[in-house]
Amino acid sequence: MIAKIAPKMALAAALAVSATALHAERIVLTADAMVDVENGRLVSDPVITIIDGEITDASSGEATAGEGDEIINLSGMTIVPGLIDMHVHLTGKATDHGYRRLQISHERAAITGVVNAKKTLMAGFTTVRNVGAPSFSDVALRDAIAEGDVPGPRLFVSGPSIGITGGHCSDNNLLPEEYGLVGEGVADGPWAARAKVRRNLKYGVDLIKTCSTGGVLSKGTKVGAPQYTLEELTALVEEAHSHGLKVASHAHGTEGILNAIKAGADTIEHSSFISDEGIELAKKQGTYLSMDIYNTEYILSEGEEAGILPESLDKERQVGATQRESFRRAHAAGVKMVMGTDAGVYPHGDNANQLSRMVRFGMTPGEALRAATYNAADALGQKGNIGVIAVGASADIIAVAGNPLEDVSLLENVIFVMKQGEVYKSE
């Protein structure tokens, strides 16, 4: 028996679907509109068919459903591919900065990751890239989510970041010398860097995170100063690529950005003081930039109370405005860009706040959405699998009331979240 799906079914009835109920052989999902993120356009009356968590048909018009099919009618809503944040720290909390971090064990950080993973998923982010976590706690979190033990986004994880002695992302610079502690990611010299890549690979990472400059939130590092020589970075990237792993390089300063691009890093994180030469080189090589232009607001307004050190607040005052202007310049030049927020510096779950800033500093809403979906999937090597609502892709679908191509801030209030065909949120 074939039943017609009413185009304007009452929302309350339409969303009476729980995660446990979505094990039907076939799911048919309809809505008022869908964002085609690849082309930046709105499609009316989408009809999406899902089997075993995969989209098997994506069309528009009147839908039909067979007996036993699960029907989800998102009347009055616009559907969008699940969002992707390319730079998060799920095991960190926005209220635990500076010396407060010394009180947090790796085990406690892992539990924090479970809480933050759920917040992130409920905010509409069905995939995130976790760039830096102690003791491979993000690997454990990724596997727990994949096995259904805890709810959360699909994770691509780096494990411990790799960098120089006293560096931004690898060492512990808060303790004095007599403690004799060295960060688990410290590696000096090309062969040591290769060895750390191999260690991370051994314990199950999906990518490598390194730092080619100092940073804002690390004690004693200069935000623009290069870390790692070009020789060291090239060895690290070559080793990672030889094993099929992509490399994300934290880089604020001009020279360190150039070194990371020349070495072949796949994404450059932050890119605050990128030069015209760096922009042209990134464009030529197809390197993606991931620029966290929202979190400066949290650092400068809430950072002192959250324990951020005075020297770090001073560094953020040097970086924030320049980074936003660099974002505008890079976008205008046509450099490939993804959305990366540095969630964990600010509260998890607020990730979508960055989209409106991306529009404020040069992008159209469609371009911002593409950066957070289609482009991010490409940068992850997952083009066609995630970041789109299309045949063959994972059924990662979110919904908002209204048209996000007119007002991208609507994505700060996601009211429906599906990941791999399973509904996790339906207001």
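Residues numbered from 1 in each chain as written. Predicted model: local features only at pLDDT ≥ 70, side-chain atom pairs only at ≥ 80, totals over all residues. Heavy atoms only, no water.

Would you take a moment to explain empty space enclosed by the protein for this structure?
Unfilled space is identified by rolling a water-sized probe across the atoms. Scanning the model with the defined rule gives 1 cavity of 30 Å³ or more in all. Here the largest cavity defines a volume of roughly 40 Å³. Lining the largest cavity are His97, Gly98, Arg101, Leu217, Ile308, Leu309 and Ser312. A breakdown of the residues in the lining of the largest cavity according to their chemical character gives 3 nonpolar, 3 polar and 1 charged. (1 Å grid on protein atoms, 1.4 Å probe; cavity = no way out; pocket = protein on both sides within 12 Å on 5 of 7 lines; lining within 4 Å. Points joined across faces, edges and corners; volume = space filled by probe spheres on them. Nonpolar A, V, L, I, M, F, W, Y, C, P; charged D, E, K, R; others polar.)

Please explain the packing of aromatic side chains as it appears in this structure.
The description of an aromatic ring pair uses the distance of the two centres, along with the angle that the planes make with each other. Following the criterion strictly, the structure yields 2 aromatic pairs and no others. Judged by centre distance (5.1 Å) and plane angle (45°), the rings of phenylalanine 136 and tyrosine 203 are tilted. Of this pair, phenylalanine 136 sits in the loop between strand S9 (125–130) and helix H3 (137–146) while tyrosine 203 sits in the loop between helix H4 (190–202) and strand S11 (207–211), and the two are 67 residues apart along the sequence. Taking the relative accessible area as the measure of exposure, tyrosine 203 reaches 39% and is therefore partly exposed. (Phe/Tyr/Trp six-rings, centres within 6.5 Å; stacked < 30°, edge-to-face > 60°. Helix = DSSP H or I, 4+ residues; strand = E, 2+ residues; numbered from the N terminus. Buried < 20%, exposed > 50% of the residue type's maximum accessible area, 1.4 Å probe, protein only.)

Honestly, the confidence of the model for the protein in this entry has me stumped. Any pointers?
Detailed reading of the predicted coordinates is not advisable wherever pLDDT is low. For the protein, per-residue confidence averages 93 on the pLDDT scale, and 94% of positions sit at 70 or higher. Throughout residues 1–23 the model reports pLDDT below 50, and contacts reaching past four residues in sequence, or to other chains, amount to 53 contacts. (pLDDT = per-residue confidence, 0-100. Contact = heavy atoms within 4.5 Å.)

Sorry if this is basic, but what is going on with helix H8 (residues 295–302) here?
An α-helical turn contains 3.6 residues, so a residue and the one three or four places further along point in the same direction. Every buried residue of H8 is listed here: Asn295, Thr296, Tyr298 and Ile299. Buried residues along H8 cover an arc of 160° about the axis, so they all sit on one side. Buried residues in H8 make contact with helix H9 (310–333). (Arc of directions from axis to C-beta.)

What is the right way to look at the pattern of salt bridges in this model?
Two side chains with opposite charge may pair up if their charged atoms get near one another. Applying the stated criterion across every chain, the model contains 16 salt bridges. Linking aspartate 143 and arginine 142 is a salt bridge whose minimum nitrogen-to-oxygen distance equals 2.9 Å. Among the residues examined, arginine 142 registers a relative accessible area of 15% and is labelled buried. With a shortest N-O distance of 2.6 Å, arginine 324 and glutamate 297 are connected by a salt bridge. With a gap of 27 residues between them, arginine 324 in helix H9 and glutamate 297 in helix H8 connect regions that are remote in the sequence. Residue classification places arginine 324 among the buried positions, given a relative accessible area of 13%. (Salt bridge = Lys/Arg side-chain N within 4 Å of Asp/Glu carboxyl O.)

Please clarify how the pairing of strand S4 (residues 46–51) should be interpreted in this entry.
Each regular strand carries side chains that alternate between the two faces of the sheet. Summarising burial for S4: 5 of the 6 residues are buried, a large majority. If you look at the hairpin formed by S4 and strand S5 (residues 54–60), you'll find 2 residues sitting between the two strands, and aspartate 52 has a positive phi there, around 50°. (Pairing = 2+ DSSP bridges.)

I keep staring at the pairing of S5 and nothing clicks. Help me out?
Looking at chain direction, S4 and S5 are connected through 6 bridges and run antiparallel. Across the sheet, the residue bridging to isoleucine 51 is glutamate 54, located in S5.

Looking at this model, I keep getting lost on the layout of surface pockets. Mind explaining?
One number sums up the size of the second largest pocket: a volume of about 280 Å³. Residue lining of the second largest pocket: 13 residues in total, with Ile145, Ala146, Lys419, Gln420 and Tyr424 positioned closest to the centre. Taken together, the elements giving at least two residues each to the lining of the second largest pocket come down to H3, strand S10 (154–157) and strand S18 (422–426). In terms of residue count, the dominant contributor to the lining of the second largest pocket is H3 (3 residues). When the residues that make up the lining of the second largest pocket are grouped by side-chain class, the tally is 7 nonpolar, 2 polar and 4 charged.

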